[in-house]
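Overview (structure and organization)
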Amino acid sequence: MDAVLVINADLGPLHRVTVQHAVRMLCRRVAEIHEAEPDRVIGVFPMPRVVRLVRFVVTRWRFNSGPAWSRAGVLRRDDRCCAYCGGPASTIDHILPRSRGGRNTWRNTTAACYACNQRKGDRTPTEAGMPLRREPVNPGWGALAGR
């Protein structure tokens with residue numbers, strides 16, 4: 001077990017942390033063990049699977065806007081599938097190239113394989129004759145955390 005789920009005081013999931021971080025939370029008494037591994041201990045604590053915060057943490061910020069853009073997030077959103085050929089993707093492509101004012105946003109980036117990214121070059125998909133298989137979207141928190 002390499003990650004421990006942290007849940008809010010109202011039992012809503014928040015995020016995952018390492019086992020070491022979870023034990024530090026238990027030592028500081030900001031969390032309690034909600035679920036543990038049977039017959040495994042770390043010092044005086046059972047090996048935690050899930051820890052629950054003692055105090056409620058307000059998380060409205062998580063639902064006001066979506067997650068921040070990241071390369072890893074784009075690859076996760078697109079299931080590491082190339083938007084042009086459908087093959088395995090390892091790079092990020094800007095639909096409107098950065099040299100033409102394209103920015104790092106969810107709707108302007110998509111996952112692409114190296115070959116398609118090189119073939120498209122500094123052009124838009126229309127100019128390159130490479131239509132997108134799916135339109136990029138702004139993902140929600142659940143879409144990125146659930147995979």
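Residues numbered from 1 in each chain as written. Predicted model: local features only at pLDDT ≥ 70, side-chain atom pairs only at ≥ 80, totals over all residues. Heavy atoms only, no water.

**Section: the overall build of the protein**
For the protein, the helix and strand inventory stands at 6 helices and 6 strands. N-terminal to C-terminal, the α/β element order of the protein is β-β-α-β-β-α-α-β-β-α-α-α. On C-alpha atoms alone, the protein measures out to a radius of gyration of 21 Å, which is more than a quarter above the 15 Å that the 2.2 N^0.38 rule sets for 147 residues. With 147 residues in all, the protein has 38% of them scored as buried. Within the protein, residue pairs in contact and separated by at least 24 positions form 53% of the contacts whose partners lie at least 6 positions apart. (Helix = DSSP H or I, 4+ residues; strand = E, 2+ residues; numbered from the N terminus. Rg over C-alpha atoms; globule rule 2.2 N^0.38 Å. Buried < 20%, exposed > 50% of the residue type's maximum accessible area, 1.4 Å probe, protein only. Contact = heavy atoms within 4.5 Å.)

**Here's the deal with the UniProt feature "domain: HNH nuclease" (unreviewed entry) in the protein**
What UniProt calls "domain: HNH nuclease" (unreviewed entry) maps, in this numbering, to residues 69-118. When the span residues 69-118 is considered, its composition is 24% helix and 16% strand, and the gap between its end C-alpha atoms is 22 Å. (UniProt positions renumbered as here; feature names shortened; annotations may be inferred.)

**A short note on the pattern of salt bridges**
On inspection of all chains with the given rule, the structure shows 7 salt bridges. Asp93 is the partner of Lys120 in a salt bridge, and the nearest nitrogen-oxygen pair spans 3.3 Å. On the criterion of sequence distance, the pair formed by Lys120 in helix H4 (residues 114-120) and Asp93 in strand S5 (residues 91-94) is long-range, its members being 27 residues apart. Using a relative accessible area of 0% as the deciding quantity, one classes Lys120 as buried. (Salt bridge = Lys/Arg side-chain N within 4 Å of Asp/Glu carboxyl O.)

**Some remarks on the environment of Leu11**
Its location among the elements puts Leu11 in the loop between strand S1 (4-7) and strand S2 (13-17). Taking C-alpha positions, Leu11 is 9.3 Å from Phe56, a pair spaced 45 residues apart along the chain. Here Leu11 is in contact with His34 and Arg52, once residues within four sequence places are set aside.

**With respect to the sheet that holds S2**
In space, the 4 strands of this open sheet follow the order S2-S1-S4-S3, with mixed pairing throughout. Pairing within the sheet leaves two strands with one partner each, and these edge strands are S2 and strand S3 (31-42). Pairwise comparison of adjacent strand axes, ignoring direction, gives a mean angle of 30° for this sheet. Inspection of the sheet shows S1 paired to S2 by 4 bridges, in the antiparallel sense. (Pairing = 2+ DSSP bridges. Axes fitted to C-alpha atoms, helices over the stretch in contact; angles between N-to-C directions.)

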